[in-house]
Amino acid sequence: MAKIKVNVVIAGRTYPLSVKDTNEEEGMRKAAKDINELIAKFEQNYAVADKQDVLAMCALQYASKAEIVSLTNTKENTEVLHKINELTKLLEDHL
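This write-up is about the structure you can find in this document.

Calculation rules
- Residues numbered from 1 in each chain as written.
- Predicted model: local features only at pLDDT ≥ 70, side-chain atom pairs only at ≥ 80, totals over all residues.
- Heavy atoms only, no water.
- Core = buried A, V, L, I, M, F, W, Y, C linked by side-chain atoms within 4.5 Å.
- Buried < 20%, exposed > 50% of the residue type's maximum accessible area, 1.4 Å probe, protein only.
- Helix = DSSP H or I, 4+ residues; strand = E, 2+ residues; numbered from the N terminus.
- Contact = heavy atoms within 4.5 Å.
- Salt bridge = Lys/Arg side-chain N within 4 Å of Asp/Glu carboxyl O.

Here we look at the nonpolar core
In terms of nonpolar packing, the biggest core is built from ten residues, these being Val-6, Val-8, Ile-10, Val-19, Ala-32, Leu-38, Ile-39, Phe-42, Val-54 and Cys-58. Taken together, the elements giving at least two residues each to this core come down to strand E1 (4–10), helix H1 (22–45) and helix H2 (51–94). Residue contacts for Ile-10: discarding those within four places in its chain leaves Tyr-15, Ala-32, Ile-35, Asn-36, Ile-39 and Leu-55.

Considerations on the pattern of salt bridges
Evaluation of the coordinates by the stated rule reveals five salt bridges. The shortest N-O distance in the salt bridge between Glu-25 and Arg-29 comes to 3.2 Å. In this pair, Glu-25 and Arg-29 are both assigned in helix H1, four residues apart and thus about one turn of the helix distant. Looking at Arg-29, the relative accessible area reads 40%, which means it is partly exposed. In this structure, Glu-37 and Lys-33 form a salt bridge, with 3.0 Å as the shortest nitrogen-oxygen distance. Placement of both Glu-37 and Lys-33 in helix H1 is noted, with a separation of four residues, approximately one turn of the helix.

Written out as C-alpha cells, the structure reads:
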C-alpha cells in the first residue's frame, strides 16, 4: 500500500509526514488543528515569549489527559475484575 504524503503546520512550522491511509491523514490534520488552537489559547491567556514554552505546555496538557484516562481505565478495570471474581465465587458456591 502506498503511503500518503501530508504536510501539517504546527506553531507556524511545516512538518512533512507519511501516513498509511485517509483515516490517519484526517487524524493527523485534526490533531494539528487542535494543537494550533491550544497554542493560540495559551498565547492569548499567558505572556509567553517562546514558542517552545507554549509547545511544552501543550505537550503537558495532552500527556496529562492521556495519563488521567489511563489511570481511570485501570481503576475501572480493577473494579470490574473484582465484581467478576465476586460473581464467579457466588456461582461456584451455588453449584
